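So the chains spell out like this:
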Amino acid sequence: MNIRQAKNEIKHTVEAYLKKDEAGDYEIPEIRQRPVLLMGPPGIGKTQIMEQIARELGVGLVAYTITHHTRQSAVGLPFIREEEFAGKTYSVTEYTMSEIVATLYDTIEATGIKEGILFLDEINCVSESLAPAMLQFLQYKVFGLHQVPAGWVVVTAGNPPEFNKSVSEFDIVTLDRVKRVECQPDFDVWKEYAYYAGVHPAIISYLELHPDHYYMVDASDKNNYRFVTARGWEDLSEMMQL
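Reference entry: report on the structure contained in this document. All residue numbers here refer to positions counted from 1 along the written sequence of the relevant chain. Where totals are concerned, whole chains, interfaces and linings use all residues; where local detail is concerned, this predicted model gives features only for residues with pLDDT of at least 70, and gives and counts side-chain atom pairs only at 80 or more. The side-chain figures draw on all heavy atoms in the structure; neither hydrogens nor water molecules are used.

1. So, the layout of surface pockets
Here's step 1: Cavities and pockets were defined on a 1 Å grid built from protein atoms only: a cavity is a group of points that admits a 1.4 Å probe but offers it no way out, a pocket is an open group of points flanked by protein on both sides within 12 Å along at least five of seven lines, and a lining residue is one with an atom within 4 Å of any such point. Grid points are joined across faces, edges and corners, and a volume is the space filled by probe spheres set on the points. For the largest pocket, the calculated volume is near 910 Å³.
Here's step 2: Surrounding the largest pocket, 38 residues form its lining, P42, G43, I44, G45 and K46 being those nearest its centre.
Here's step 3: Top contributing element to the lining of the largest pocket by residue count: helix α2 (residues 46-57), with five residues.
Here's step 4: Residue composition of the lining of the largest pocket, by class: 16 nonpolar, nine polar and 13 charged. In this description a helix means any DSSP run of H or I spanning at least four residues, a strand means any run of E spanning at least two, and both kinds are numbered starting from the N terminus. We call Asp, Glu, Lys and Arg charged. Ala, Val, Leu, Ile, Met, Phe, Trp, Tyr, Cys and Pro are nonpolar, and the rest, Gly among them, are polar.

2. Brief notes about the pattern of salt bridges
Here's step 1: Each salt bridge in this description consists of a side-chain nitrogen of Lys or Arg and a carboxyl oxygen of Asp or Glu lying within 4 Å of one another. Evaluation of the coordinates by the stated rule reveals 10 salt bridges.
Here's step 2: For E192, the salt bridge identified is with R4, shortest N-O distance 2.8 Å. Taken together, the residues span a long stretch of sequence, with E192 in helix α7 (residues 187-197) and R4 in helix α1 (residues 3-18) at a distance of 188 residues.
Here's step 3: Residue exposure (1.4 Å probe, protein chains only): buried if accessible area is under 20% of the type maximum, exposed if over 50%, otherwise partly exposed. A residue is classified by how much of its surface remains accessible, and R4, at 35% relative accessible area, is partly exposed.
Here's step 4: In this structure, K20 engages E115 in a salt bridge whose closest nitrogen and oxygen atoms are separated by 3.7 Å. Of this pair, K20 sits in the loop between α1 and β1 (36-39) while E115 sits in the loop between α4 (99-111) and β5 (116-121), placing them 95 residues apart in sequence.

3. A short note on the sheet that holds strand β8 (residues 152-158)
Here's step 1: When DSSP finds at least two bridges between two strands, those strands are taken to pair. Within the open sheet, the five strands sit side by side as β2-β5-β8-β1-β9. Their pairing is parallel. Both edges of this open sheet fall to β2 (60-65) and β9 (179-182), since each of them pairs with a single strand only. Direction aside, the axes of adjacent strands within the sheet are offset by 20° on average.
Here's step 2: Bridge analysis of β1 against β9 gives four bridges, and the strand direction is parallel. The residue bridging L37 from the neighbouring strand is R180, located in β9.
Here's step 3: Contacts between α2 and the sheet are confined to β1, β2, β5 and β8, with β5 contributing the most and set at about 175° to the helix. For helices, the fitted line uses only the C-alpha atoms of the stretch in contact; every axis is such a line through C-alpha atoms, and the angle between N-to-C directions lies from 0 to 180 degrees. A contact between two residues is defined here by any heavy atoms of the two lying within 4.5 Å.

4. Some words on the packing of aromatic side chains
Here's step 1: Any Phe, Tyr or Trp ring, taking Trp's six-membered ring, that has another such ring centre within 6.5 Å forms a pair; planes under 30 degrees apart are called stacked, those over 60 apart edge-to-face, and the others tilted. Summed over the entire model, instances satisfying the criterion amount to six aromatic pairs.
Here's step 2: With centroids separated by 6.1 Å and ring planes inclined at 45°, the aromatic side chains of Y206 and W233 adopt a geometry described as tilted. With Y206 in helix α8 (residues 201-209) and W233 in helix α9 (residues 230-241), this residue pair connects regions lying 27 residues apart in the sequence.
Here's step 3: Accessibility expressed as a relative area gives 33% for Y206, which makes it partly exposed.
Here's step 4: On the numbers, 6.4 Å between centres and 55° between planes, the contact of Y214 with Y215 is tilted.
Here's step 5: A relative accessible area of 4% places Y214 in the buried class.

Below, the structure written as structure tokens:
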């Protein structure tokens, strides 16, 4: 599907997950709300559609690129506390709150919006040390010992392996716990967005004459990658406007 279709699919999923019954409970219990996995080439607008969805639904948005995180920042740092069991005192390891979960609570506090989207990009490029925690997160929406607040829908994104050497393939166990949505570049869809976003007319005119130049990745020569993405055309437009 193209990026517009992917946006609609994710938007409808978020709407369904946030729908409540007459008692005020979510009609789809949180344990059944599969995280969305949006797979697509880099630079086609995955982050931008998440911003659009959050704005259109009137919910919050917290976005992270997960590869910027270590296990400690995602899960939390350990500390020792004392506990008493059967009349004896023991030292027990506990963890500080995950930076990601803490940001969700900060966002709720700052905006007053209690429902939203937690968007984690490059989910299939996490380090080996963080991979077990991410599997636990995808299953239970938990980082370390701390739960993602109720009303926050998890959406993740990743690049296919041909675009990123750091990609780890998800196994069936993981894929069975997510809702996978795949998207591909589509010039006609991007052109509508480009008019709305004020992309320089010369770029739009050029690409109308050469639509095959809109998106291209050539990784055949490992020492000389050749590529152009939708993000690149927008960046060029900014420079031309200036």
